[in-house]
Amino acid sequence: MGYKTEFLSQAEVCAIYQCMDGHIHLKYRTLDIAMDACDFHQVAEVFVKALHVLQQVEEPATEEIDLQNMDTHVKV
């Protein structure tokens, strides 16, 4: 890895940067994974798909209720 890096994105516990050698690095806490552009695209796609799945699980399902055809009993 070269001495100069270009940060592409960063947060408190993770960052994505490109080193002088052209590798794209995914850094999470003490883990630093270097990859080429093709591998990075595959990793990014996996992250995006996982985010979509998590969003679907976390968002409550909207259920429409047909009040006209609902079988109801009147209590007196």
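Residues numbered from 1 in each chain as written. Predicted model: local features only at pLDDT ≥ 70, side-chain atom pairs only at ≥ 80, totals over all residues. Heavy atoms only, no water.

(A) Main features of the environment of Leu-8. Position of Leu-8 among the secondary structure elements: in strand β1 (residues 5-10). Of the residues examined, Leu-8 reaches a relative accessible area of 44% and is grouped as partly exposed. Remark: the alpha-carbon pair of Leu-8 and Gln-18, spanning 10 residues in sequence, is separated by 7.2 Å. (Helix = DSSP H or I, 4+ residues; strand = E, 2+ residues; numbered from the N terminus. Buried < 20%, exposed > 50% of the residue type's maximum accessible area, 1.4 Å probe, protein only.)

(B) Region of the structure containing the pairing of β1. Pairing analysis gives five bridges linking β1 to strand β2 (residues 14-19), with the strands arranged antiparallel. Looking across to β2, one finds that Glu-6 is bridged to Gln-18. Where β1 folds back on β2, the antiparallel hairpin that results is connected by three residues. (Pairing = 2+ DSSP bridges.)

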